[in-house]
Amino acid sequence: MRKNILKIILSFFGPLLFVALTSLLLEWTSSLLNVQNMALIYLIPVMVSSVIWGLFAGLFAGLISFLAFNFFFIQPYNTLLVHQSQDLITLAVFLAVAVLLSQLIGQTRKAALLAKEREWEATRMYELISSLAGTTSIPSISETLAEKLGSNFELEHVEVDINAPSFPKKVTGTHPPGEKPDRLPEITKPMKTQRDQEGEIRIWQATGNLSNTEERLLEAFAEQGALAVERIRLSQGETKIHVLEESDRLKTSILNSVSHELRSPLAAIKASISSLRSGAVPWEHAARQELLTTIEEETDQLNLLVGNLLDMSRIESGSLEPHLRWNSIPEIAKSAAARMKGQLSGHILDFQLPGDLPLVPSDYVLLEQVFINLLSNSAKYAPEKTRIVVCAGLEKESIHIRVKNQSPHVAEDELQNIFEKFHRVTRADKVIGTGLGLSICKGIIEAHGGRIWAENLEDGFQFIFTLPLLLNGNLPETPKEVIDG
Amino acid sequence: MDKDPLILLIDDEPQILRALKTILSANHFRVSSAVTGEEGIALAAAQLPDIIVLDLTLPDMDGVQVCSQIREWSAVPIIILSVRDSEKDKVAALDMGADDYLTKPFGIEELLARIRVAIRHSQATSGKKESVIHAGPIVLDLSKHIATRDGEELKLTATEFKLLAYLAAHSDRVLTHQAILTHVWGFEESDHLEYLRVYIGQLRKKVEENPEDPKLIITDPGIGYRFKSIDQ
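This report concerns the structure included in the present document.

The rules behind these values
- Residues numbered from 1 in each chain as written.
- Chains lettered and ligands numbered in written order.
- Predicted model: local features only at pLDDT ≥ 70, side-chain atom pairs only at ≥ 80, totals over all residues.
- Heavy atoms only, no water.
- Patch = residues over 30% accessible without salt bridge, like charges linked within 9 Å, V, L, I, M, F, W, Y side chains within 5 Å.
- Areas by Shrake-Rupley, 256 points an atom, 1.4 Å probe, with all protein chains shown as cover.
- Salt bridge = Lys/Arg side-chain N within 4 Å of Asp/Glu carboxyl O.
- Helix = DSSP H or I, 4+ residues; strand = E, 2+ residues; numbered from the N terminus.
- Pairing = 2+ DSSP bridges.
- Contact = heavy atoms within 4.5 Å.
- Buried area = accessible area lost by both parts, 1.4 Å probe.
- Polar contact = N/O pair within 3.5 Å; in protein donor to acceptor, adjacent residues only side chain to side chain.
- Lys, Arg positive; Asp, Glu negative; His and termini not counted.
- Charge placed at Lys NZ, Arg CZ, Asp CG, Glu CD.
- Buried < 20%, exposed > 50% of the residue type's maximum accessible area, 1.4 Å probe, protein only.
- Axes fitted to C-alpha atoms, helices over the stretch in contact; angles between N-to-C directions.
- Parallel < 35°, antiparallel > 145°, perpendicular 65-115°, else oblique.
- Left-handed = near helix turned anticlockwise from the far one by under 90°.
- Nonpolar A, V, L, I, M, F, W, Y, C, P; charged D, E, K, R; others polar.

### Some thoughts on a nonpolar patch on the surface
Step number 1: Taken together, A:Ile5, A:Ile9, A:Phe12, A:Phe13 and A:Leu16 make up a surface patch of nonpolar side chains, about 450 Å² in accessible area.
Step number 2: Checked against the element boundaries, A:Ile9 lands in helix H1 (residues 2-29).

As C-alpha cells, this is what we get:
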C-alpha cells in the first residue's frame, strides 16, 4: 500500500522535476536556440517520464512542459499569453506531439509490463504443473500445492485441504510448517473440477486482498490442484479395475485347473470305496489292499493339492511371511524326501550335502514345501531309475542349493516361464499337477530373500535356489555347554 | 484297568466326530464328544475323561484357550488336532500344556499311537520318578550319569546328556523348541534355535545308527523334537 502511494508521489514530482531542470537548461542556453528547438527539447522530459512512470506521468509532463514552454519562452515572457500566431502553431503542435508520444510510450511500457507479469505467471504455473505431474498420492498433492502457494504468494500461512472418500476424511498440506494462525482464514478458494469439489485452499494474509495477478494465479492453482486430484482418483480406479480383472482371470484358470485335479483323485477314491462296499464281488485280500492303498494315496494327493492352493493364495495376497529361524538344510531336504517316499520310489535319490553346512535362516515348513515341489517335479519329468541329486555349496553370503535330475531339456526361452503360474512345458494330460508347484517355490524363496532359477545341464536339468546366510546381519550364535551337568 | 479308557472329543466337524467315534469305539475306547469349547470344558469337568482330543478351531472359542482353561485344574492328557500352516497355534497350545498334536488329515494308526502314549505317560507320571530311563535301545542312568545304546556306553558331554535325558524321559511325545531350550539351557522365551540345531546334530551323530536318517530323534517341523522309542 505504501509502495503505491510512493509511486504516485514519484510519478507526480518526477515529471515536475524533469520539466523544471529542462526549463533551467533552456534558460541558460536560450540565446543559442530558437523556439522550434526548444519545443523539441521539451519533448525529452515527456518521453523520459512516460518510460519511467507510465502514461499519466507522461501526459502530466506534456502538460507542464507546454505550460512552462509558453510561460518562459513564448513572447510575451512570464505570461501564458501568446501574441504571434506562429508561436501558437508551435505550441499546439508541441502539445499534440507530447500527448501522442506519451500515449505511445505508455502503452508500449504497459504491454511490456503485462508481458513480464504473464511470463512470471506462466513460469509459476509451469513449475506447479510439473511438480504436480510427478505426484502419485493425494497427500503429496496437498503438500506440493501448499508449498508452491507459500513460496509464490506473500502470505502468513496456507492450508490445502483435499477431501478423501474414506478415513481420514481430509488430507491437509500446510506451508510454512507449523501451527496455523489463531483466526479464520482471510481468503478461501474451493478446488473444483467439473464433477466435484475436491478440496479447499485457505490463506491467512493480514491485508486480506490479492492483486489481480495473484487472484488469477490462485484461481489457476486451485484448478490445477483439483485436476491433479481427479487424475489420481481416476488412475487409482483404473489400477483397481486392472487388479480385479487380473485376479478374476487367475481365479478362472485356478478353477479350471483345480477342478480337473480334484476330480481325478476323487474319482479314484469313489470308485474304490463303492467297489469295496458293493458286495457284488468277494474281494481277495490283495485286491482289497490295492483298493485301500489307492484311496490313501489319492487322499494324500488331494491334501497336497489343497496345501499348494493355500500357499498360492497366501503368496498372491502377499501374506506369506516366513518364520525365519536357524535350520539345517540337509535335515529339511531329507524330511521332504521322507514325505515323498512313495512318489520317489522309482528314482535314485542322492544327497551330496557336506556335513559342515552352516545353519540357514529359514522357515522349516515352507522350505520343506520347496524341496517337496522340486523333488516332485523331478520325479514327474525325469525317467524312472535315473538319479536325482540334491547338493549345496556356499557362495559369499548365501547358500546355493541345487536339485539335479535327468529330465529332458527345456527350451532356453521357456526356462523363465516355468516358474509362472499354470505354466507347463508338456501337455497337461501327460503329467499330473496344477502347474502351481514351481511358482509356489518362487514365491517362498523370494519371501526368504533368495532367488530361484532353472538351467539345462549336459545330461539333464537342474533347479538352483539361493538363500541368504545372515539373519538381521548376523550369523548363528555358537552354543554354550551347560555348566551344571 | 477294569474299564475302557474314556476319550473326550472336542471338534465341531460332524464328519470327523462320526468317523472318530466309530473307529475309537472299535478300538476299545469309550467316547464322548462336544462341538463347542464351552461344552468341552463342562464335559471335561463332569466326566473326568482319561484323555482329551481337541480341535484348535472351534466355533465359540480358541482351542488354545480351551487347553489353558482345562489345564488350570486338570492334568488330563490333551492331544491337539489342527491343520497345516498353524504352527504358531500348535506351539502355543503345546506350551500351554497340551501333550501332543496331530495335523489333519492324519492316519488313524498315528492317532491311536499318540493316544496310547499320552495315557501311558499320564499313568507313569503319577508314580514316582525313576532314576533309570529306558527308551528304545537307549538306557540312561541318571544317578550314575551313564548313557548306553544297546549296552554300549555313549560318550556324551554334559549338555548332550541333559538333552538326551529330557527327550528320552518324554519319549514319543513332541517337545517344543522352547520347552527344550528352557529345560536344558534355562533360556526363558529365547530364540536360540541354533543351540538346539547344533546339539541335536551332535547327539544324532552319537546316538543314531545313521545320523543322516534319524530314527530316534525326530524333527517335528516348526514345532520341536520327538524321541521315538516305539515303532508306530
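### Considerations on unusual backbone geometry
Step number 1: The peptide bond linking A:Gln75 to A:Pro76 adopts the cis configuration, its omega dihedral lying at -5°.
Step number 2: Inspection of the secondary structure puts A:Pro76 in the loop between helix H3 (55-73) and helix H4 (85-133).
Step number 3: With an omega of -5°, the peptide bond running from B:Lys104 to B:Pro105 counts as cis.
Step number 4: Counting through the fold element by element, B:Pro105 comes out in the loop between strand S5 (100-104) and helix H5 (108-126).

### Some thoughts on the pairing of strand S7 (residues 138-141) of chain B
Residue and element names in this part refer to chain B.
Step number 1: Across four bridges, the pairing between strand S6 (residues 132-135) and S7 is antiparallel. Bridge pairing in S7 places His134 opposite Val139.
Step number 2: One ladder, built from four bridges, connects S7 with strand S8 (residues 146-149); its direction is antiparallel. Each residue of the ladder has a partner; that of Ile138, found in S8, is Arg149.
Step number 3: Linking S7 to S8, which pair antiparallel, is a turn of four residues; within it His145 sits at a positive phi near 65°.

### Let's talk about the interface of chain B and chain A
Step number 1: At the junction of the two partners, chain B supplies 26 residues and chain A supplies 26 residues.
Step number 2: Interface of chain B and chain A: buried area, both sides summed, is about 2400 Å²; carbon and sulfur atoms make up 50% of it.
Step number 3: For the interface between chain B and chain A, the tally reads one salt bridge.
Step number 4: The interface formed by chain B and chain A holds four residue pairs in polar contact (both at pLDDT 80 or more) in total.
Step number 5: Mapped onto the side of chain B that touches chain A, the elements with two or more residues apiece are helix H6 (158-169), helix H7 (177-185) and helix H8 (193-207) of chain B.

### Observations concerning a negative patch on the surface
All names here are of chain A.
Step number 1: On the surface, Glu290, Glu296, Glu297 and Asp300 cluster together to form a negatively charged patch.
Step number 2: Relative to the elements of secondary structure, Glu290 occurs in helix H7 (residues 285-316).
Step number 3: Glu290 gets classed as exposed once you look at its relative accessible area, which sits at 53%.

### Quick look at the sheet that holds strand S3 (residues 187-192) of chain A
What holds strands together in a sheet is hydrogen bonding between their backbones, with the strands either parallel or antiparallel.
Residue and element names in this part refer to chain A.
Step number 1: In spatial order, the strands read S2-S1-S4-S3; together these four strands make up an open sheet with antiparallel pairing. Single-partner strands in this sheet number two, and they are strand S2 (170-175) and S3. Mean inter-strand twist for the sheet, computed between neighbouring axes without regard to direction, equals 15°.
Step number 2: Pairing of strand S1 (residues 157-163) with S2 involves six bridges; the strand directions are antiparallel. Paired with Glu159 across the bridge in S2 is Thr174.

### Brief notes about the side chain of A:Glu368
Step number 1: By the secondary structure assignment, A:Glu368 is in helix H10 (residues 364-381).
Step number 2: A:Glu368 gets classed as buried once you look at its relative accessible area, which sits at 4%.
Step number 3: Setting aside its immediate chain neighbours within four residues, A:Glu368 contacts A:Ile332, A:Ser335, A:Ala336, A:Arg339 and B:Pro221.

### Brief notes about the packing of H6(B) against H7(B)
Residues and elements named next belong to chain B.
Step number 1: Where H6 meets H7, the axes come as close as 10 Å, and the angle between the chain directions of the two elements is 130°. Judged by the inter-axis angle, H6 sits oblique to H7. For the pair H6 and H7, the sense of crossing is right-handed. Contacts between H6 and H7 involve Thr159, Lys162, Leu163, Tyr166 and Leu167 from the first element and Ala179, Ile180, His183, Val184 and Trp185 from the second.
Step number 2: Classifying every residue of the contact of H6 with H7 by side-chain character gives seven nonpolar, two polar and one charged.

### Details of the pattern of salt bridges
Note on pairing: side chains with opposite charge can pair once their charged atoms come close.
Step number 1: A complete count under the given rule lists 29 salt bridges over all chains for this structure.
Step number 2: Here A:Glu331 ties to B:Arg204 by a salt bridge, and the two come within 3.4 Å at their closest N and O atoms. Taken together, the residues A:Glu331 in helix H8 (residues 329-339) and B:Arg204 in helix H8 connect one chain to another.
Step number 3: Under the relative-accessibility criterion, A:Glu331 is labelled buried at 14%.
Step number 4: Across the salt bridge formed by B:Arg173 and B:Asp99, the nearest N and O atoms sit 2.6 Å from each other. Here the residue B:Arg173 occupies a position in the loop between H6 and strand S10 (174-176), and B:Asp99 occupies one in the loop between helix H4 (87-95) and S5, the gap between them amounting to 74 residues. With respect to class, B:Arg173 is no different from B:Asp99; both count as buried.
Step number 5: Here the salt bridges share partners, and the residues they tie into one network are B:Asp100, B:Glu110, B:Arg114, B:Asp220 and B:Arg226.

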